[in-house]
Amino acid sequence: MIFTIYGDYIRNYGSKIWIGSLIRLLKEFGHNEQGVRVAVSRMVKQGWIQSEKQGNKSYYFLTERGVQRMDEAANRIYKMKPNEWDGKWRILMYTIPEDKRQLRDDLRKELLWSGFGSFSNGCWISPNDLEKEIDLLIAKYEIDEYVDFFISEYKGPKENHSLVEKSWQLEEIENKYEQFIEKYSKQFIVHQSIISRGEMSDADCFVERTNLVHEYRKFLFIDPGLPNELLPSKWNGNHAALLFSQYYQVLAEPASRFFESVFQENNDLWRKDEAYDAKDHPLIIK
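Residues numbered from 1 in each chain as written. Predicted model: local features only at pLDDT ≥ 70, side-chain atom pairs only at ≥ 80, totals over all residues. Heavy atoms only, no water.

The name given to the chain in an unreviewed UniProt entry is PaaX family transcrtiptional regulator, and the organism recorded there is Peribacillus simplex.

### Thoughts on the nonpolar core
Of all hydrophobic cores here, the largest spans 69 residues; its most connected members are Leu22 and Phe206. Looking at this core, the element that brings in the most residues is helix α10 (residues 236–263), giving 13 residues. Setting aside chain neighbours within four positions, we find leucine 22 in contact with Ile2, Ile5, Ile10, Ile17, Val36 and Val40. Core analysis: the next-biggest nonpolar cluster, separate from the first, contains 16 residues, Phe116, Leu130, Ile134 and Val147 among them. (Core = buried A, V, L, I, M, F, W, Y, C linked by side-chain atoms within 4.5 Å. Buried < 20%, exposed > 50% of the residue type's maximum accessible area, 1.4 Å probe, protein only. Helix = DSSP H or I, 4+ residues; strand = E, 2+ residues; numbered from the N terminus. Contact = heavy atoms within 4.5 Å.)

### Notes on the UniProt feature "domain: Transcriptional repressor PaaX-like N-terminal" (unreviewed entry) in the chain
UniProt feature "domain: Transcriptional repressor PaaX-like N-terminal" (unreviewed entry): in the numbering of this structure it lies at residues 1–66. Split by type, residues 1–66 is 48% helix and 23% strand. Its first and last C-alpha atoms lie 15 Å apart. (UniProt positions renumbered as here; feature names shortened; annotations may be inferred.)

### Here we look at the UniProt feature "domain: Transcriptional repressor PaaX-like central Cas2-like" (unreviewed entry) in the chain
Here the UniProt feature "domain: Transcriptional repressor PaaX-like central Cas2-like" (unreviewed entry) sits at residues 83–164. Along residues 83–164 one finds 37% helix and 24% strand; the C-alpha atoms at either end are 15 Å apart.

### Here's the deal with the sheet that holds strand β6 (residues 123–126)
As summarised here, the arrangement of the 4 strands in space is β5-β6-β4-β7, forming an open sheet in which the pairing is antiparallel. The sheet is open, and its two edges are formed by β5 (117–120) and β7 (147–152), each paired on a single side. This sheet shows a mean twist of 30 degrees between the axes of neighbouring strands, independent of strand direction. Note that strand β4 (residues 89–94) and β7 share 6 bridges and pair antiparallel. Counted as the bridge partner of tyrosine 94 is valine 147 from β7. Packing of helix α5 (residues 101–114) onto the sheet brings it into contact with β4 and β6, and relative to β4 it is tilted by some 170 degrees. (Pairing = 2+ DSSP bridges. Axes fitted to C-alpha atoms, helices over the stretch in contact; angles between N-to-C directions.)

Structural data, given as structure tokens:
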């Protein structure tokens, strides 16, 4: 939840927040002060955020690694249409020794996050332009001697879709999207009506918008973001993206008002990104 609030709000306000404000925001979700402090401490140890003292107050801001991850996530969450494909496959092959099992497991998690699919043992593929991400992973884990990276075309004997079927469980992803649509389409209709009548508080809109993004961002871990050419003709992910966009924009303005009402105390509101418009999110590609 803290990741979600950083990604959807704080990153647009200088990426830094007073711990007291963060505690106040998380209180809306039923989290207590001790729980928030423990989670923040864990995020510091993991290298996502850093602390800074100003007088007797502690502020937390995204590290360079945290900013990169937030930018990558935001570009995928708010991108409403699938990628265009250049017809090429990115292939990462590795042979990591058994005594470096933890390294291998960490790399697999990163590859899944970036959208790679496991084609076979030690061989991961993606149709998306992920050269930059691979360079960063190789440098981060210092695995030059264990990996080889290729960009190539598939020449058969089957079709490109056969690679997709072998590397990703699209039916499972479709089912997850269907569950998301079923749950949030009903809520969207109800909240759209209530908000139009002015009967939903800014705090409630903040909670609902944050929960919406929190749930939708989970697809980053299972949906590889395949291009249209490799997706089924009726892909639930497209319907879920449209629902998310419409619901998000209905909640956006009152949710942001509540965030700013909390953030303006003991934080630098002037650091707000001038290009940021809560309702017309700059990263939502229509």
